[in-house]
Amino acid sequence: MADSCSDQLLQGRRIVVAVTGGIAAYKACTLVSRLVQEGAEVRVAMTESARQFVGPIVFRALTNYPVSSSMWEDVPDAYEHISLARFAEVLVVVPATANTMAKVAAGLCDDLVSTTIVATTAPVVFAPAMNAEMWNNPITQANVARLREVGYHFVMPEEGHLGCGEVGPGRLADPETIRQHLIRLLGEQEDGPLRGKRVLITAGPTREWLDPVRFISNPSTGKMGLALAEAAAARGALVTLVLGPTELAPPAGVETVRVETAADMRQAVQERRAEMDLFIGAAAVSDWRPETQSAHKQKKGGEAPEIKLLPTADIIAEVAAGSPRPLVVVGFAAESQDLEAQARAKLERKGLDLIVANDITQPGAGFASDSNEVLIIDRNGRAEQLSRRPKREVARRVLERVEELMA
């Protein structure tokens, strides 16, 4: 059984980060740092106004590459805007000011950043950030609409505390949200086996209510399913995520259906499975539900109530046996003993094409962990052991095995 590790989602991808003059410019440092850590080749371009908020030396230190900010002075390439435009697989403007968006919407190119944006044929993403009144201004909104109409992408601002001390819309989206959007766009450009494929993924726990304040559930956080959704979107798939109750945010650009009970999850899956090319059942679905649910909170005192449990539907087995059936059906097995034997039995019993099993008794490989240690077995009996690694890496390897089955 071989040990395998995939490349990072952003390994070797060429990204230009354009920084314009807003107080949120400091957050671009976080984004650039994260992209570089994940293996991306990042070049930074700055407006003169941006230099008033963050010094270019910061970005040079983060990228180990000179920062471009002028078309006239200290330019390593006389046609720097063209070089940057052609270098980029994707260009992101963060923060995108009202001024920069207005210039691009009008076709004006009077600095390095605006000229590079207009010159590139790569996807361009604007991540706006500004005062709420500026964001809500009808001219700004008209410029956003115009840019979207001609094919530019947006990671829209959030509502919250602004740099001016006020609260409202206009706060820069979280750098992680911007990162996920870039991954999705880059995935759409790839011509891999999952490009354009429709993928349905279940993730997180379910809750089976006993009364208005008590329920049966498990410690699942949905991290593995979310990692799979992100990785599938990065490979160009059209992902629908059926997500149980969890505090974690789903990846950007992924259609998300929120559910609570096993019955809710089953209904959401049944309504969509016929359209899907791939189904991955990563959710920790409750195996049992109470026969009855009290309408009122059960008070302590006297004899404890007897709770009769009934089995919930086997969602993944229904998908595997249904018609039309997805091309590949993937299941998960969280076991505490006899890992391989239990996984092989579940693969056969449920009619799966691939199963991912983990021993929940191993430290760092169970519920709520950022890492996992798994055994992958396919319908041909081939087994592969993955040593402990981040769940994002596990997700990428699972999808590589899926692509082998779909080839």
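No experiment lies behind these values; they were computed from the predicted model shown. (Residues numbered from 1 in each chain as written. Predicted model: local features only at pLDDT ≥ 70, side-chain atom pairs only at ≥ 80, totals over all residues. Heavy atoms only, no water.)

A. Just the packing of helix α9 (residues 223-234) against helix α13 (residues 391-406), in detail. Closest axis-to-axis distance for the α9/α13 pair is 8 Å, and the angle between their directions is 55 degrees. The angle between α9 and α13 falls in the class oblique. By crossing handedness, the relation of α9 to α13 is classed as right-handed. In this structure, α9 uses Lys223, Met224, Ala227, Leu228, Glu230, Ala231 and Ala232 to contact α13, whose residues at the interface are Lys391, Arg392, Val394, Ala395, Arg396, Val398 and Leu399. Residues that form the contact of α9 with α13 fall into these classes: nine nonpolar, no polar and five charged. (Axes fitted to C-alpha atoms, helices over the stretch in contact; angles between N-to-C directions. Helix = DSSP H or I, 4+ residues; strand = E, 2+ residues; numbered from the N terminus. Parallel < 35°, antiparallel > 145°, perpendicular 65-115°, else oblique. Left-handed = near helix turned anticlockwise from the far one by under 90°. Contact = heavy atoms within 4.5 Å. Nonpolar A, V, L, I, M, F, W, Y, C, P; charged D, E, K, R; others polar.)

B. Expanded view of the side chain of Arg184. Here Arg184 is to be found in helix α8 (residues 175-189). Aside from chain neighbours lying at most four places away, what touches Arg184 is Ala233, Ala252 and Gly253.

C. Summary view of the pairing of strand β9 (residues 208-211). As paired strands, β9 and strand β10 (residues 214-216) are joined by three bridges and run antiparallel to one another. Bridge pairing in β10 places Glu208 opposite Ile216. Connecting the antiparallel pair β9 and β10 is a turn made up of two residues. (Pairing = 2+ DSSP bridges.)

D. Expanded view of the pattern of salt bridges. For the structure shown, the criterion picks out 30 salt bridges. Here Arg179 and Glu38 are joined by a salt bridge, their closest N and O atoms 3.0 Å apart. You can see Arg179 sitting in helix α8 and its partner Glu38 sitting in the loop between α1 (25-37) and β2 (41-46), a full 141 residues away along the chain. As far as the burial class goes, Arg179 and Glu38 line up, both buried. Asp111 is the partner of Lys103 in a salt bridge, and the nearest nitrogen-oxygen pair spans 3.1 Å. A single burial state applies to Lys103 and to Asp111, both of which are buried. A network of salt bridges, in which partner residues are shared, links Asp378, Arg382, Glu384, Arg397, Glu400, Arg401 and Glu404. (Salt bridge = Lys/Arg side-chain N within 4 Å of Asp/Glu carboxyl O. Buried < 20%, exposed > 50% of the residue type's maximum accessible area, 1.4 Å probe, protein only.)

E. Molecular detail of the packing of helix α4 (residues 98-106) against helix α7 (residues 138-149). Contact geometry of α4 with α7 gives a least axis separation of 9 Å together with a crossing angle of 50 degrees. Relative to α7, the element α4 is oriented oblique. Like other packed secondary-structure pairs, α4 and α7 cross with a definite hand, here left-handed. Here Ala98, Met101, Ala102, Val104 and Ala105 of α4 come into contact with α7, specifically with Thr140, Asn143, Val144, Arg146 and Leu147. For the contact of α4 with α7, a count of residues per class yields seven nonpolar, two polar and one charged.

F. Broad picture of α7. End to end, α7 covers 16 Å across twelve residues, agreeing with the expected 16 Å (1.5 Å per residue, within 8%). The complete set of buried residues in α7 reads Thr140, Asn143, Val144 and Leu147. Projected down its long axis, α7 carries its buried residues within an arc of 100 degrees, all on one side. Set apart from the buried face of α7 by more than 90 degrees, the exposed residues are Pro138 and Glu149. (Expected span 1.5 Å × (residues − 1). Arc of directions from axis to C-beta.)

G. Broad picture of the environment of Ala304. Positionally, Ala304 belongs in the loop between β14 (288-290) and β15 (309-311). Between the alpha carbons of Ala304 and Glu335 there is a distance of 31 Å; along the sequence they are 31 residues apart.

H. Looking closely at the sheet that holds strand β5 (residues 153-154). Within the open sheet, the five strands sit side by side as β2-β1-β3-β4-β5. Their pairing is parallel. This sheet does not close on itself; its edge strands, each paired only once, are β2 and β5. As defined by bridge partners, strand β3 (residues 90-96) adjoins strand β4 (residues 124-128) across four bridges and the pair is classed as parallel. Paired with Leu91 across the strands is Val124, a residue of β4.

I. Focus on the pairing of strand β11 (residues 238-243). With five of six residues buried, β11 is to be regarded as a mostly interior element. When strand β8 (residues 198-203) meets β11, the two strands line up parallel, connected through six bridges. Within the sheet, the bridge partner assigned to Val199 lies in β11 and is Val239. Across four bridges, β11 lies against strand β12 (residues 255-258) in parallel orientation. Bridge assignment links Thr240 to a residue of β12, and that residue is Glu255.

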